[in-house]
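# A structural walkthrough
Single-letter residue listing:
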Amino acid sequence: MSATHDMQLLLAVVTILVLAMFLGFELITKVPPTLHTPLMSGSNAISGITLIGALSSGGVGQPEMATYLGMAAVIFATINVVGGYMVTNRMLEMFKSKAKK
Amino acid sequence: MLSDTLRQALVNIPYLIAAFLFILGLKYLAHPRTAVKGNSLSALAMLIAIVFTLFDQNILPVHMIAIGLGIGGTIGAVLAIRVAMTEMPELVALFNGFGGLSSVLVASAAYVGASTGEINLQLSIATIASALIGAVTFWGSLIAYLKLRGKVVPSGAVTSPVLKILNGLFALSILGLSVVFVTNPGMEMYFWAVIGIACFMGITLVIPIGGADMPVVIALLNSYSGLAACAAGFVLNNNLLIIAGSLVGASGLILTQIMCKAMNRSLANVLFGGLGAQESGPTMDADEVYAGKVTSASADEAAMIFDSVQRVVIVPGYGMAVAQAQHVVKQFTALLQDRGTEVLYAIHPVAGRMPGHMNVLLAEADVPYEQLIEMDDINPTFPQTDVALVIGANDVINPVAKTDPASPIAGMPILDVDQAKTVMVIKRSLSPGFAGIPNPLFAADNTMMLFGDGKKIVVDLVEAMKEL
C-alpha cells in the first residue's frame, strides 16, 4: 500500500472517530441521572466490542502466541458482553415494571 | 471464491447496521420506559457484529472460539444473575477492568502476529495506545474493585508523596519508552515494558483515591475502557470498534464531568487531591460543634411526629446501601402514603458509590422513579417540607459547604435539608463522613438524631407507625 493510500484511510477513520464522539456526547447528555448506573453497565457491554477484534486475531498462519492471546481476549470480552447486557437488562426491568403501574 | 475486497465490503455492511443499532440503543436509554428496548437493540447489534465476524476467514481456530465464548459467557452470566444491587459498583468496576484487559490482549495479539515490515506509524501508535490504556484500566479497576469491597486495599484516601513521585516516574518512562517503540516498532522489549509499567501505574493512580470519590473513578475508568477499544479499532482498521469505543469513551467522560461538578471539584483535584485523608489543617473541632447540642430520639418519638405530617422527603445515602435498608424504607414510605402523606426522595448526584446508585437500589425496592427527585428540583421545596429523613448520608447534606470557604467541601452543591421544619438523621454515630469533617446540621435545633443501624431503625419506625 502506498503512503497516500494509508493517509487517506487514516483520515477516513479519524473522521469516523470525531463524528462518533460528537454523537456520543449528544446521546449521553439526554440520559436521565436515574438511569446512570444502567448506562454505565450498558456501555460496558458495548466496550466488549473488542470481542470482534479478538475473534479475528491470530488466524491461519499466525504465531501460536497470537492465537492464545486472542483466545484470552475472547474470554474477557465475552464476560463483558454477556454479563454487561444481562445485568443491564435486570436493572432496567426493575425500572420498567414501575412505569406500567 | 469472493475476492478479498468484496469480502471486506460485505462484512462492513453488517458492521454498519450494528453501529446504527448501538446508537439507536443509546437513544432509547433516554427514558426508563424505552430503556429495556434500547438495551436489547444494543445486544442485537453485538450479536450481528459477532456472527458476521465469524464468516471472516482470518479468525481464531473454531474450537478456541467455542471454548472462549463458553467460558466467558458462563462467567458473565453467573456474575450478572448473582450480583446484589448494592454490589453494582463493584461489578461495573470489574467489567471495566475486563474491557481494558481484552483491549491489551487484542493489541498484543495483533502486534505479535504482525511482521515487522507491516507495522507503520498508525499501527504502532494505535497498538501502544490500546495496550497502555487497557493495562491502566485493568489494574486501576481491580484496585477500585478492592477498595469498594473494603478488603485488602484500604477504602479511604491515602496521600503519600511516594505515590506522587512514583506516578510521575511511571508517566515519564511510559512516555519515553512509547516514543522509542513507535520509532522502532520491531523492538518487542519496549512494547512489553510499557505494558508492565502501565500495570503498576494503574495501581498507583487509584490507590490514593478515597471511597467517596469512587463515582468519579468508575466513570473515568469506564471511559478508558471505551478509549482502549477505540484504539484497538485503529490497530485493526475496524470502524465498528472505533464507533462503539468512542461512544463508550464519550459516555464515561460525560459522567465523570457530571460527578466532578456535583462535588464542585476539578478532575485533577479528585484524582490527586486525596479528600478526606488526615492531613488537612484543623477546620472544626467535633466536640465544639456537637457538645450538648445534639438531640437524640427514639423510633417511637419519631413516629409520633410522622403521624401528623403532610410532606416528607427522604434523603438516602451510601449508609442505606450498606445497611440494605431500601426495601424497608419503601415499606415505611407506603405506610406514610396510606395516611395521605406526600413522600419524595431527594437524590444527590454523588450519593452512593457510582452514578445513579441510589436510583437502582430504590428501583429494586419498587419505588416509582417519578418519586426520585434530582437535587436542583427538590432543593426549593425543603422549606415546605415537614420532615426531611436522612438515611446514611452525611457530606452531601453538610451546610458547611455553603458557610465555610475553608472547608474541604466548600462550594459543593448540597441538599438543603436544614430548611425543612424537622430533620431526622438515621446514622450509626456522630463519626464524620468521607470528607472527615463534623456536620453542624446534627447539632441544629430542628434536628433529631436516630442513632443505630439504618435498617433496624427504619424497621422500628415501621413498627411504631403501625401501633399508632
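Refer to the structure presented above.
Only a predicted model underlies this, so the values are computations on that prediction, with no experimental measurement involved.

## Looking at the overall build of chain B
When helices and strands are counted, chain B shows 18 helices and six strands. Counting only C-alpha atoms and orienting by the principal axes, one finds that chain B spans roughly 80 × 50 × 35 Å. In chain B, which comprises 468 residues, the share counted as buried stands at 56%. A separation threshold of at least 6 residues defines the contact pool for chain B, and within that pool the share at least 24 residues apart is 80%. Accessible area for chain B stands at about 18600 Å²; split by element, carbon and sulfur atoms hold 63% of it. Positive and negative side-chain charges of chain B, numbering 23 and 32 respectively, have mean locations separated by a distance of 4 Å.

## Considerations on the interface of chain B and chain A
Taken together, the 101 residues of chain B in the interface contact 83 residues of chain A. Carbon and sulfur atoms make up 78% of the surface buried where chain B meets chain A, a total of about 7900 Å² over both sides. The tally of links between chain B and chain A comes to zero salt bridges. At the junction of chain B with chain A, the criterion picks out 15 residue pairs in polar contact (both at pLDDT 80 or more). Counting residues per element, the ones that place at least two in the side of chain B that touches chain A are helix H1 (4-28), helix H2 (32-53), helix H3 (62-82), helix H4 (88-113), helix H8 (214-236), helix H9 (239-262), helix H15 (357-364) and strand S3 (372-374) of chain B. By residue class, the composition of the side of chain B that touches chain A is 67 nonpolar, 28 polar and six charged.

## Quick notes on the packing of helix H12 (residues 299-306) of chain B against helix H18 (residues 454-467) of chain B
All names here are of chain B. Packing of H12 against H18 leaves a shortest axis separation of 9 Å and a crossing angle of 55°. The orientation of H12 with respect to H18, classified from their angle, is oblique. Seen from above, H12 lies across H18 with right-handed handedness. Listed contacts from H18 to Ala 299, Asp 300, Ala 302, Ala 303 and Phe 306 of H12 are Ile 457, Asp 460, Leu 461, Ala 464 and Met 465. For the contact of H12 with H18, a count of residues per class yields eight nonpolar, no polar and two charged.

## Description of the sheet that holds strand S4 (residues 387-391) of chain B
Residues and elements named next belong to chain B. Ordered in space as S3-S2-S1-S4-S5-S6, the six strands form an open sheet in which the pairing is parallel. Edge positions in the open sheet fall to S3 and strand S6 (447-451), since each of these has one partner strand only. Between one strand and the next, the sheet's axes are offset by a mean angle of 25°, whatever the strand orientation. The strands touched by H12 are strand S1 (311-316), S4, strand S5 (422-427) and S6; relative to S6, the strand with the most contacts, the crossing angle is about 135°.

## Details of the environment of B:Asp453
All names here are of chain B. Mapped onto the secondary structure, Asp 453 falls in the loop between S6 and H18. A C-alpha to C-alpha distance of 26 Å links Asp 453 and Ala 144, two positions 309 residues apart in sequence. Filtering out sequence-adjacent residues up to four positions away, Asp 453 remains in contact with Ala 323 and Arg 428. Within the local environment of Asp 453, its side chain forms a polar contact with the side chain of Arg 428, the two groups lying 3.0 Å apart. Within the structure, Asp 453 has its side chain in polar contact with the backbone nitrogen of Lys 455 (distance 3.2 Å).

Conventions used here
- Residues numbered from 1 in each chain as written.
- Chains lettered and ligands numbered in written order.
- Predicted model: local features only at pLDDT ≥ 70, side-chain atom pairs only at ≥ 80, totals over all residues.
- Heavy atoms only, no water.
- Helix = DSSP H or I, 4+ residues; strand = E, 2+ residues; numbered from the N terminus.
- Buried < 20%, exposed > 50% of the residue type's maximum accessible area, 1.4 Å probe, protein only.
- Contact = heavy atoms within 4.5 Å.
- Areas by Shrake-Rupley, 256 points an atom, 1.4 Å probe, with all protein chains shown as cover.
- Lys, Arg positive; Asp, Glu negative; His and termini not counted.
- Charge placed at Lys NZ, Arg CZ, Asp CG, Glu CD.
- Buried area = accessible area lost by both parts, 1.4 Å probe.
- Salt bridge = Lys/Arg side-chain N within 4 Å of Asp/Glu carboxyl O.
- Polar contact = N/O pair within 3.5 Å; in protein donor to acceptor, adjacent residues only side chain to side chain.
- Nonpolar A, V, L, I, M, F, W, Y, C, P; charged D, E, K, R; others polar.
- Axes fitted to C-alpha atoms, helices over the stretch in contact; angles between N-to-C directions.
- Parallel < 35°, antiparallel > 145°, perpendicular 65-115°, else oblique.
- Left-handed = near helix turned anticlockwise from the far one by under 90°.
- Pairing = 2+ DSSP bridges.

Without other data, these values stay purely geometric and don't point to any function.
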